[in-house]
Amino acid sequence: MPGRAEHAAGPDSGFAFERRQPRSPDSLASRLIAGSMPSRERVRSFRVLGAARLVMGSILLGWFILNALGEHRGSIGMAVAALYVLGVLAQWLLSLLTTRGFAWQVLSAVLFDLLAYTLLQWLAGPTAHELVLSYTLPVLAAGVWGTLRFTLATAAAVSLLLLGQALAGLQGWTTGSELQLFAAGFVGAAYFAMGTLAWQLSRRLVRQEQRARSSEIRAGRQLAINRHVLLEHPDGVLVVDARMRVEAANPAAANLLGLPGTPEDLAPGAWDFADPALAALGDRLREVAGSVRAAAPLQFENVDGVQLRARVQPLRHLPGGPAYVVFVQDMRDIGNQIQQDKLAALGRLVAALAHEIRNPLGAIAHANELAAEHGLSETQRMRMSELISQNVDRLNRIVEDVLDLGRSGTRSPVVLQPMRMLRELVAEFDADAPGRIVLEAQDAQATLEFDPQQLRRVIVNLLGNAQRFASGGPGAIRISLRGGPRLRELAVANDGPLVAPTLRTQIFEPFFTTDSRGTGLGLYICQELCSRYGTRLFYRVVQQGGTHGEFVIGVMAPAAGD
């Protein structure tokens, strides 16, 4: 499409271009020397070619001066050689001054060389066989900077010129011109091979150059991003090499550790752990330097006595040897953040608690007003009293559940076998409808680390929920123990309706409930209790043996090396 920006280098070009440039599709230079904005390396190599052409022209001028002095044709040769030297000098100076019209510069250099060398060889006479090597420069220039078509055209032009001169010799210029004809064909074929090889090598160099340029850009971009992240990171960040020298640090680290100067002004390695500001951290780093795994957070004091915490991340496989990334935090900031999180959680809890208390209080107030009215029957007064009593009980349950959040501190876990406790709970919950609850286990002797009282509380809550939603048929509730000898899962399933997908992320939130009689704290407390003993409580849908939902107490996998 006319006017549309195209790739500066065509599909068979030997150029490496930095950006796209619009060009006219009818331009002669664009068809032969594709593109007009080469890379700096290509410009530099073209200038080197210009210097080589200038040396070649000077040699040819000297040759004519030494071998053809006094002859008429030799005088013309000297003049042509001198003009060639001046023309090459002008083209070389132009390439040093500007890269504008670069394709035209290359094209003119190739054509100028072809014309000048042909004329000089004719003026030198048929005895100057060595001048045929001068065509090497234009063929190489076409192969390195031109398209494949232009390279082959240049080699073909040189071959035709040599064959033409040889044919002219057959008409009587010299004897033995048959050998000259054969030599011309051989040299022409060599020029074809040389031009094609130069073009192929140029393309390979172009691709490598483009990959190197792309890698350089990506590396520079990544370094700039890393530097920005390092400088803007709110925590102190230090990069320490294997010899315990600081390779890089951000301003936050300088402020926390009381380092002199600024990270931007100092060269890598200017800070080391002999500095008093880094001595305490250096002592702790040396303790964990030989550790294979990331060390636990280190606590130390800076020179001002401020408590700091450092997290060390070893980087083992780096060019130039291992290193350590150290993140330094002010313990006061950590404490403030914890306090803010506690206040935010307390605010959410108070807001939810106020909302939950308001409803039963409103019902009590309304029932009390109705009970004070005249003309109520004894049945109606008893109904109001019963309503007040129910809401008082609900308020009491809310208070008890909230108090349980504070009372349910973590106790030392006990290695227990849940099967005995589960049999007792099944007998208790299944007393009214025997067979409704089914207990199954892959290993009845499987053990679990948990506090017995708190595990009982979790299972009672899960069985209570299952009873409310399960049907009354046999096997409506199923308790499953999976894994052994160490228990992997304890699941309580029922055949009731599934929890809606939109509610599955909310059922463990405090005060969330779909039951008007519940407080919404049961599952939340159960999940908190499970997390304290290395397990987690979650809900999932099982397709095996029919679709049903189950609450699962899953034992978390132990950490590697435990």
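Structure first, text after, so check above.
Residues numbered from 1 in each chain as written. Predicted model: local features only at pLDDT ≥ 70, side-chain atom pairs only at ≥ 80, totals over all residues. Heavy atoms only, no water.

> Just checking my understanding: could you explain the overall build of the chain for this structure?
Per the secondary structure count, the chain includes 14 helices and 13 strands. When each of the 562 residues of the chain is scored for burial, the buried share is 38%. Here the analysis covers contacts within the chain between residues at least 6 apart in sequence; of these, 60% occur between residues at least 24 apart. Accessible surface, the chain as shown: approximately 31400 Å² in total, 59% of it carbon and sulfur. (Helix = DSSP H or I, 4+ residues; strand = E, 2+ residues; numbered from the N terminus. Buried < 20%, exposed > 50% of the residue type's maximum accessible area, 1.4 Å probe, protein only. Contact = heavy atoms within 4.5 Å. Areas by Shrake-Rupley, 256 points an atom, 1.4 Å probe, with all protein chains shown as cover.)

> Teacher, can you tell me more about the packing of aromatic side chains here?
The relative placement of two aromatic rings is captured by the distance of their centres and the angle of their planes. The final tally for this structure, using the stated rule, is eight aromatic pairs. Ring centres of Tyr84 and Phe112 lie 5.4 Å apart, and the angle between their planes is 20°; on these two criteria the pair is classed as stacked. Of this pair, Tyr84 sits in helix H3 (residues 72-97) while Phe112 is found in helix H4 (residues 102-124), placing the two residues 28 residues apart along the sequence. Judged by its relative accessible area of 1%, Tyr84 is buried. Here Phe112 falls in the partly exposed class, since its relative accessible area comes to 26%. Through a chain of ring-to-ring contacts, three or more aromatic side chains come together here, namely Tyr84, Phe112, Tyr117 and Tyr135. Sitting above the plane of the Phe538 ring, Arg536 keeps its charged end 4.3 Å from the centroid. (Phe/Tyr/Trp six-rings, centres within 6.5 Å; stacked < 30°, edge-to-face > 60°. Lys NZ or Arg CZ within 6 Å of the ring centre and 35° of its normal.)

> Could you clarify how one ought to interpret the side chain of Asp241 in this entry?
With respect to the helices and strands, Asp241 occurs in strand S1 (residues 236-241). Apart from residues lying up to four places away in sequence, Asp241 is in contact with Glu247, Pro322, Ala323 and Tyr324.

> Would you explain a nonpolar patch on the surface in this entry?
A cluster of nonpolar side chains, Leu83, Leu86, Leu89, Leu93 and Leu96, forms an exposed patch at the surface whose accessible area comes to about 450 Å². Along the chain, Leu89 turns up in helix H3. On the accessibility criterion, Leu89 (31% relative accessible area) is partly exposed. (Patch = residues over 30% accessible without salt bridge, like charges linked within 9 Å, V, L, I, M, F, W, Y side chains within 5 Å. Salt bridge = Lys/Arg side-chain N within 4 Å of Asp/Glu carboxyl O.)

> Quick question: what am I supposed to make of helix H13 (residues 452-469) here?
Working note: α-helix, 3.6 residues per turn, so residues spaced by three or four point in the same direction. Taking 1.5 Å of rise per residue, the 18 residues of H13 would be expected to cover 26 Å, and the 26 Å separating its terminal C-alpha atoms lies within 8% of that figure. Taken together, the buried positions of H13 are Gln454, Leu455, Val458, Ile459, Leu462, Leu463, Gly464, Asn465 and Ala466. Capping the start of H13, Asp451 holds a side-chain oxygen 3.3 Å from the backbone nitrogen of Gln453, two or three residues further along. (Expected span 1.5 Å × (residues − 1). Polar contact = N/O pair within 3.5 Å; in protein donor to acceptor, adjacent residues only side chain to side chain.)

> Would you explain the environment of Ile388 in this entry?
Looking at where Ile388 falls in the secondary structure, it is placed in helix H11 (residues 378-407). Overall, the relative accessible area of 23% leaves Ile388 in the partly exposed class. C-alpha of Ile388 to C-alpha of His366: the two residues are 22 residues apart in sequence and 9.1 Å apart in space. In this structure, Ile388 is in contact with Ile364, Ala367 and Asn368, ignoring residues within four places of it in sequence.

> Got a minute to help me understand the environment of Ala249 in this structure?
Among the secondary structure elements, Ala249 is positioned in strand S2 (residues 245-249). Taking the relative accessible area as the measure of exposure, Ala249 reaches 8% and is therefore buried. Expressed as a C-alpha distance, the spacing of Ala249 and Val237, which sit twelve residues apart in the sequence, is 5.6 Å.

> I keep staring at the pairing of strand S12 (residues 535-542) and nothing clicks. Help me out?
Every other side chain in a regular strand lies on the same face of the sheet, so the side chains alternate between the two faces. Relative to strand S13 (residues 548-555), S12 runs antiparallel, the two being bridged by eight bridges. Bridge pairing links Arg540 to Glu550 in S13. Linking S12 to S13, which pair antiparallel, is a turn of five residues; within it Gly545 sits at a positive phi near 65°. (Pairing = 2+ DSSP bridges.)

> Got a minute to help me understand the pairing of strand S4 (residues 298-301) in this structure?
Side-chain alternation along S4 places Leu298 and Phe300 on a buried face and Gln299 and Glu301 on a face that remains uncovered. Once S4 ends, the chain turns through five residues before running back antiparallel as strand S5 (residues 307-315), passing Gly305 with a positive phi of about 80°.

> Explain the packing of helix H2 (residues 40-67) against H4 to me, please; I cannot follow it from the model alone.
Packed helices, taken two at a time, are described by the angle their axes make and the gap between the axes. Interhelical geometry of H2 versus H4 gives an angle of 15° and a closest axis separation of 12 Å. One finds that H2 runs roughly parallel with respect to H4. Pair H2 / H4 crosses with left-handed handedness. Across the interface between the two elements, Arg42, Val43, Phe46, Arg53, Met56, Leu60, Trp63 and Phe64 of H2 pack against Phe102, Gln105, Val106, Ala109, Phe112, Asp113, Tyr117, Leu120, Leu123 and Ala124 of H4. Partitioned by chemical class, the residues of the contact of H2 with H4 number 14 nonpolar, one polar and three charged. (Axes fitted to C-alpha atoms, helices over the stretch in contact; angles between N-to-C directions. Parallel < 35°, antiparallel > 145°, perpendicular 65-115°, else oblique. Left-handed = near helix turned anticlockwise from the far one by under 90°. Nonpolar A, V, L, I, M, F, W, Y, C, P; charged D, E, K, R; others polar.)

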